[in-house]
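# Fold and contact review
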Amino acid sequence: GWWLSGLAMRPIYQSYQWQQQFTANAAHELRSPLASLLATVEAMLRLPPGSQPEVSSMLHSVERQARRLSQLVADLLLLTRLEQESAAGPLRPCCLNDLIADLTEEFLELAYASGVHLESRLPDAEIHVPGQESQLYRLFSNLLANAMQYTPAGGAVLVTLEGRDRGAMVAVRDTGIGIPPAEHERIFQRFYRVDGDRSRRTGGTGLGLAIVRAIVQRHRGQLSLDSDSGKGSVFTVSLPCTQR
Ligand code: ADP
């Protein structure tokens, strides 16, 4: 009896531990932007009257920090919603050709500014998958944003869409810094970054790929990664054309 109840309790205990770890990470991630926000406000309150130029530059910094916090909270809420299957909205046919064409266009300016060549290759025939458009948009936008983020000037990012037997395959390929195989599992965990400081400086929340994974799961798709340090990365998403 003891042994059996121990066995039954194990997943509950594991999920409890996981929950605790997650709460600790979330609190840590929220604490540093909040601390710097408070420090800026306190410094502003100590300024002598008539320090208009300082006030306006400090207000910009407050705005930046508040936006980052608000993005972090929005991402956490989205992840929580994605995990509550019952709360998920209905899936409707989405045209991946349009979605990827729009997204690529949206990133062109950033690509131009950062000196990265961005290109998409789409088939002539339209490919539709059942999904929630805003979520699919977010999924590929996160992958594309990372590809741009981790590819230095002079590199290239290529997005391809192909029809498969019973689904669609989208690959986001970059010639950037790459990810060592030992990190392939961990980068999908919430808040995990390969090189904590470097990635934090680039402004990411460390939730991007956790959201990608949750959206792929919600659409009954598959996600794979082919990458190594210095060799660029390929994130491939396969989505079924019909929901099983
Ligand atoms: P972040 O907000 O830090 O980008 P993500 O969850 O999107 O968080 O990614 C987790 C980590 O995986 C990143 O911090 C980065 O180290 C690594 N990573 C993700 N995409 C790429 C890529 N295309 N090339 C190299 N490293 C990447």
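The model shown is predicted, which means the values in this text are computed figures rather than measured ones.

### Here's the deal with the pattern of salt bridges
Counted by the stated rule, this structure contains six salt bridges. In this structure, the salt-bridge partner of Glu 63 is Arg 67, at a minimum N-O distance of 2.7 Å. Here the residue Glu 63 and the residue Arg 67 both occupy positions in helix α2 (residues 52–83), the gap between them amounting to four residues, near one helical turn. Look at Glu 63 and you get partly exposed, because its relative accessible area is 37%. Residue classification places Arg 67 among the exposed positions, given a relative accessible area of 56%. For Glu 119, the salt bridge identified is with Arg 121, shortest N-O distance 3.3 Å. Judged by relative accessible area, Arg 121 falls into the partly exposed class, the value being 47%.

### Here we look at the packing of α2 against helix α6 (residues 208–218)
α6 packs onto α2 with a crossing angle of 25° between their chain directions and a minimal axis gap of 10 Å. By the angle class used here, α2 and α6 are roughly parallel. Every pair of crossing elements has a handedness; the one defined by α2 and α6 is left-handed. On α6, the residues touching Asp 75, Leu 78, Leu 79 and Leu 82 of α2 are Ala 210, Ile 211, Ala 214, Ile 215 and Arg 218. Among the residues making up the contact of α2 with α6, the classes are represented as seven nonpolar, no polar and two charged.

Reading the values: rules and limits
Residues numbered from 1 in each chain as written. Predicted model: local features only at pLDDT ≥ 70, side-chain atom pairs only at ≥ 80, totals over all residues. Heavy atoms only, no water. Salt bridge = Lys/Arg side-chain N within 4 Å of Asp/Glu carboxyl O. Helix = DSSP H or I, 4+ residues; strand = E, 2+ residues; numbered from the N terminus. Buried < 20%, exposed > 50% of the residue type's maximum accessible area, 1.4 Å probe, protein only. Axes fitted to C-alpha atoms, helices over the stretch in contact; angles between N-to-C directions. Parallel < 35°, antiparallel > 145°, perpendicular 65-115°, else oblique. Left-handed = near helix turned anticlockwise from the far one by under 90°. Contact = heavy atoms within 4.5 Å. Nonpolar A, V, L, I, M, F, W, Y, C, P; charged D, E, K, R; others polar.

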